[in-house]
Structure formats: structure tokens, C-alpha cells
Amino acid sequence: MPIIRNMDSSDQARHLWRTADAVCFDVDSTVIMDEAIDEMAKYCGKGDAVAALTKEAMKGSMNFREALAMRLNIIKPSVSQIKSFLQHEPARLTPRIKELVEELHKRRIPVYLISGGFRVLIQPIAQELNIPIQNVYANRLKFYYNGEYAGFDEDEPTSRQGGKGDVIKMLKKTHRYNTVVLIGDGATDLEACPPADAFIGFGGNVVREEVKSRAKWFVSDFKDLIDAL
């Protein structure tokens, strides 16, 4: 990470944003307006119980994998339920995320989606934003042959506490990126800097006070990031 002198922390974050050679986004409540697991739970009739666990998990007061397993065991989504959910409840993109990603692509800056959510729900979002599927890092659901829920892949780094940081470490090592910026709304994003060189807190959909108070740069509109490029 480059050493920047005579700048306050907010100025440093802005400088790193302008000089980033890779940008990583959280997905739920950042790239999209909702928490997909909560929306899927509502669709499956298990909304209230799952939303309460999601709230605790995002505050960082629960072990991430434990919270993930507890929520999935409540929902137990089948293949047919997921297909129906994707068809009838498509994800709502956060305003100006499409323009921001387009601007990054114009500058030939690779964009990654790193999420504690589910790959099957995120792939359509990546396609809509023209982000390569191989740039999506998220959890994989497992199913029995009859399509019923069978668990999730615990080998995925995003299924555990600190997993987003592990993905960023891997990306930096593999691609030799000098400056990786992570943008997100939750505690799991905040804790991934380092290894991310800069973290930008996002509050356009929900404001998490711990993230807002600890982020060196906090924005509520992606227009701020477009204008700062």
C-alpha cells in the first residue's frame, strides 16, 4: 500500500479510490437495495425470524457462519423456490451503481462482487452489470437430487468470519494489484480493510452506525464516487 503523507484519513481514502487498480463491492444493501436472504425468506414465508438474525449478523455481534447456517436452516430454500423467487422478485439495483460500474470498466479497472450471500442470487446481478461471473465470490448452496435444500459449501471463504479479507488477499496475490478498494455497508466489509487498501462505507440503503463512525470515507450516494474519479 502506498504511503501518503500530509493527508487526513478522508483525503487518503479519496486518493486511493482515484488510483485503485481493482474495486470490490459488497452486494446486499450496497450493490442492491435489499438483503437478498431476507427477501428470499419473506418469499418463503420465513421473513421475520430471518430478518432478526440478519440484523444481528450485520452488526458483527454473531459469528458469521453460525448466523448463516441458522438463517438457512429456517428458510431451507429448494431449487424450485429459488427459481420462482428470481423470476418474481428480481433484485433492485441501488441507484447509480450501474453508472459507477460502467465508469470503472471504461477506465479498465476490474470490478469484483464479494458477498456473504449466495452465488445463485448474485449471478443475475453480475450479468446485469456486465461483471464477469468469475469475478463473483459468494456462497454456494447445496441441494439433494430432488431439489431440496442440503446445506451450503463450508469451503467457500465467504461462508466464514474474515472471508472477504481472505478473498481480497487472494486477488492481490494472484493479480498483483497494488491498490484494492472495498465498498460496503456492513461489519464484514469494514473488517476486510486491511487487506483492502481502502474501505469506503456505503449508507445509501441502510446506515450502520459502527461502519459510519469507523469508515475513513462514508458516502450515501454512488454519485459521490463517480464524481471523485
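The protein chain carries the name Phosphoserine phosphatase in an unreviewed UniProt entry, which gives Frankliniella fusca as its organism. Quoted straight from UniProt, the Pathway (unreviewed entry) entry for the protein chain says "Amino-acid biosynthesis; L-serine biosynthesis; L-serine from 3-phospho-D-glycerate: step 3/3."

Asks: Sorry if this is basic, but what is going on with the nonpolar core here?
Replies: Trp-17, Phe-25, Val-31, Ile-97, Leu-113, Ile-183 and Leu-225 are the most contacted members of the largest nonpolar core, which has 51 residues in total. Formed by 17 residues, the second largest nonpolar core is a distinct cluster that contains Ile-168, Val-180, Phe-199 and Ala-215.

Asks: I tried to follow empty space enclosed by the protein on my own but got confused; where do I start?
Replies: In this approach a probe as big as a water molecule rolls over the atoms, and the regions it shows empty are the leftover space. Applying the stated rule across the entire model yields two cavities of 30 Å³ or more. Taken as a whole, the second largest cavity holds about 70 Å³ of empty space. Taken together, Phe-64, Ser-115, Gly-116, Thr-158, Arg-160, Gln-161, Gly-162, Gly-163, Lys-164, Thr-188 and Glu-191 make up the lining of the second largest cavity. Elements represented by at least two residues in the lining of the second largest cavity include exactly strand S2 (111-118) and helix H9 (163-175). Residue composition of the lining of the second largest cavity, by class: one nonpolar, seven polar and three charged.

Asks: Would you mind showing me how to read the pattern of salt bridges here?
Replies: Tallied over the entire structure, the rule returns 14 salt bridges. As a salt-bridge pair, Lys-42 and Glu-39 come within 3.1 Å of each other at their nearest N and O atoms. With a gap of three residues between them, Lys-42 and Glu-39 both fall in helix H3 (residues 36-43), about one helical turn apart. Between Arg-96 and Asp-221 there is a salt bridge, with its nearest N and O atoms 2.7 Å apart. In this pair, Arg-96 sits in the loop between helix H6 (79-88) and helix H7 (97-106) while Asp-221 sits in the loop between strand S8 (217-219) and helix H12 (222-228), placing the two residues 125 residues apart along the sequence. For Arg-96, a relative accessible area of 34% puts it in the partly exposed group.

Asks: For this particular structure, what's the right way to read the UniProt feature "active site" (unreviewed entry) in the protein chain?
Replies: Under the feature "active site" (unreviewed entry), the UniProt entry names Asp-26 and Asp-28. Its place among the elements puts Asp-26 in the loop between strand S1 (22-25) and helix H2 (27-31). Leave out the neighbours within four places in its chain, and Asp-26 touches Val-31, Ile-114, Lys-164, Leu-182, Ile-183, Gly-184, Asp-185 and Asp-189. Secondary-structure assignment places Asp-28 in helix H2. Leave out the neighbours within four places in its chain, and Asp-28 touches Asp-34, Glu-35, Ala-36, Ser-115, Gly-117 and Asp-185.

Asks: How should I be thinking about the packing of H3 against H6 in this particular structure?
Replies: Close contact between H3 and H6 brings their axes to 10 Å; oriented N to C, the two are set at 105 degrees. On the basis of their axis angle, the class for H3 and H6 is roughly perpendicular. The segment H3 lies against H6, with Ala-36, Glu-39, Met-40 and Tyr-43 engaging Gln-81, Ile-82, Ser-84, Phe-85 and His-88. A per-class count over the contact of H3 with H6 returns five nonpolar, three polar and one charged.

Parameters at a glance
Residues numbered from 1 in each chain as written. Predicted model: local features only at pLDDT ≥ 70, side-chain atom pairs only at ≥ 80, totals over all residues. Heavy atoms only, no water. UniProt positions renumbered as here; feature names shortened; annotations may be inferred. Core = buried A, V, L, I, M, F, W, Y, C linked by side-chain atoms within 4.5 Å. Buried < 20%, exposed > 50% of the residue type's maximum accessible area, 1.4 Å probe, protein only. 1 Å grid on protein atoms, 1.4 Å probe; cavity = no way out; pocket = protein on both sides within 12 Å on 5 of 7 lines; lining within 4 Å. Points joined across faces, edges and corners; volume = space filled by probe spheres on them. Helix = DSSP H or I, 4+ residues; strand = E, 2+ residues; numbered from the N terminus. Nonpolar A, V, L, I, M, F, W, Y, C, P; charged D, E, K, R; others polar. Salt bridge = Lys/Arg side-chain N within 4 Å of Asp/Glu carboxyl O. Contact = heavy atoms within 4.5 Å. Axes fitted to C-alpha atoms, helices over the stretch in contact; angles between N-to-C directions. Parallel < 35°, antiparallel > 145°, perpendicular 65-115°, else oblique.

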